[in-house]
Amino acid sequence: MKKIVAGAIAISLGACATTPGETVRDDPYEDFNRSMLAFNMAVDKAVLEPVSDGYTKVTPRWGRDRVADFFQNLGEPVTLLNDLLQGEGTRALQTGFRFTINSTLGLAGLFDIVGYEGLPAHKEDFGQTLAVWGVDSGPYLVMPFLGSTNPRDLAGFTFDRAIAPTNFIRYSGDDGDDLVIKTGLSILNGVNTRSALDNQIEDLRRQIEPYSSLRDIHIKQRNSAIRNGQKGPDTIPELPDLPDL
């Protein structure tokens, strides 16, 4: 559970930065969802926020940016596969180019060289791929630790985690040591993500109705991501890309 606690709550809470423009009606599990959001926010306040604040104080912005670029680069192979599964050839070539250059000239992804030159990263996950294939999202859900999601995205999350490059990297010849290293990297990614989203999380806490705000913005953000940012009836202001866990 340590591998998801540190970052997933930050992602689910951090999605909201503005007040939604419309109400989402397909929410049959609202009572359960509200209790899960309250739980996630309590864990964030008690554990993640103080850890994140301490990390931010001792880690300069330059260092936090290098951590973000490194984990973004680790997620590029997952994006590449989903680009291909969605039939997005041009975007797949861009992702492959980014990963190749940043993994070499960018020192294992510590520097987003290609992004600096004008080709920013984009993210695709299997939940988006299923949507492109016509799979319905199902009802809105808030899960403990994982946060805002739906049945389609839960299936996509499971697939993406199974194919993540970090599952296949061997850091040493000992499985126990590898587990410690992978857990440490996951926690670092989560804390770094929580640090980057501190202002957005505080914005959510100041909302009159945090649950409705998070729900509506999350659904609009996912719909926008599925359309690859093309404008639609539920277009929202662009939110920052978040590193994979």
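Preceding this section is the structure that the text describes.
Residues numbered from 1 in each chain as written. Predicted model: local features only at pLDDT ≥ 70, side-chain atom pairs only at ≥ 80, totals over all residues. Heavy atoms only, no water.

## Some details on helix 10 (residues 198–205)
Here's step 1: For helix 10, the complete set of buried residues consists of Gln-200, Ile-201 and Leu-204. Axial view of helix 10: buried residues confined to an arc of 100 degrees, hence all on one face. (Buried < 20%, exposed > 50% of the residue type's maximum accessible area, 1.4 Å probe, protein only. Helix = DSSP H or I, 4+ residues; strand = E, 2+ residues; numbered from the N terminus. Arc of directions from axis to C-beta.)

## Brief notes about the nonpolar core
Within soluble globular proteins, side chains that are nonpolar generally end up buried alongside one another.
Here's step 1: Counting residues in hydrophobic clusters, the biggest one holds eight residues: Met-36, Leu-37, Met-41, Tyr-140, Val-142, Leu-204, Tyr-211 and Leu-214.
Here's step 2: Elements with a minimum of two residues in this core: helix 2 (30–58) and helix 11 (210–226).
Here's step 3: With residues up to four places along the chain from it excluded, the contact list for Tyr-211 reads Asp-27, Glu-30, Asn-33, Arg-34, Leu-37, Tyr-140 and Val-142.
Here's step 4: The next biggest cluster of nonpolar side chains, apart from the first, holds five residues, and it includes Tyr-55, Val-67, Phe-71 and Leu-74. (Core = buried A, V, L, I, M, F, W, Y, C linked by side-chain atoms within 4.5 Å. Contact = heavy atoms within 4.5 Å.)

## Focus: a nonpolar patch on the surface
Here's step 1: A cluster of nonpolar side chains, contributed by Leu-81, Leu-85, Val-132, Trp-133 and Val-135, occupies part of the molecular surface with about 390 Å² of accessible area.
Here's step 2: Topologically, Leu-81 is positioned in helix 4 (residues 76–85). (Patch = residues over 30% accessible without salt bridge, like charges linked within 9 Å, V, L, I, M, F, W, Y side chains within 5 Å. Areas by Shrake-Rupley, 256 points an atom, 1.4 Å probe, with all protein chains shown as cover. Salt bridge = Lys/Arg side-chain N within 4 Å of Asp/Glu carboxyl O.)

## Concerning the packing of helix 2 against helix 9 (residues 175–196)
Here's step 1: Two elements in contact, helix 2 and helix 9, have axes whose closest approach is 9 Å; the angle formed by their N-to-C orientations is 85 degrees. It follows from the interaxial angle that helix 2 and helix 9 lie roughly perpendicular. In this structure, helix 2 uses Asp-44, Leu-48, Glu-49, Val-51, Ser-52, Tyr-55 and Thr-56 to contact helix 9, whose residues at the interface are Leu-188, Val-191, Asn-192, Arg-194 and Ser-195.
Here's step 2: Here the residues of the contact of helix 2 with helix 9 are counted per class, giving five nonpolar, four polar and three charged. (Axes fitted to C-alpha atoms, helices over the stretch in contact; angles between N-to-C directions. Parallel < 35°, antiparallel > 145°, perpendicular 65-115°, else oblique. Nonpolar A, V, L, I, M, F, W, Y, C, P; charged D, E, K, R; others polar.)

## Brief notes about the packing of helix 4 against helix 5 (residues 89–104)
Here's step 1: Between helix 4 and helix 5, the least distance of the axes is 8 Å, while the angle of their chain directions is 160 degrees. Taken as axis vectors, helix 4 and helix 5 run roughly antiparallel relative to one another. Between helix 4 and helix 5 lies a crossing whose hand is left-handed. Side by side, helix 4 and helix 5 meet where Glu-76, Pro-77, Thr-79, Leu-80, Asp-83 and Leu-84 of the first sit next to Arg-91, Ala-92, Thr-95, Gly-96, Arg-98 and Phe-99 of the second.
Here's step 2: Of the residues contributing to the contact of helix 4 with helix 5, the split by class is five nonpolar, three polar and four charged. (Left-handed = near helix turned anticlockwise from the far one by under 90°.)

## Digging into the packing of aromatic side chains
Here's step 1: For the structure on display, the rule yields six aromatic pairs.
Here's step 2: With 5.4 Å between their ring centres and 70 degrees between their planes, Phe-39 and Phe-145 make a pair best called edge-to-face. One end of the pair, Phe-39, is in helix 2; the other, Phe-145, is in the loop between strand 1 (141–143) and strand 2 (147–149), and 106 residues separate them in sequence.
Here's step 3: The exposure class assigned to Phe-145 is buried, which follows from its relative accessible area of 18%.
Here's step 4: By way of ring pairs, the aromatic residues Phe-126, Trp-133 and Phe-159 are connected into one cluster.
Here's step 5: A cation sits over an aromatic face here: Arg-66 above Trp-62, 5.3 Å from the ring centre. (Phe/Tyr/Trp six-rings, centres within 6.5 Å; stacked < 30°, edge-to-face > 60°. Lys NZ or Arg CZ within 6 Å of the ring centre and 35° of its normal.)

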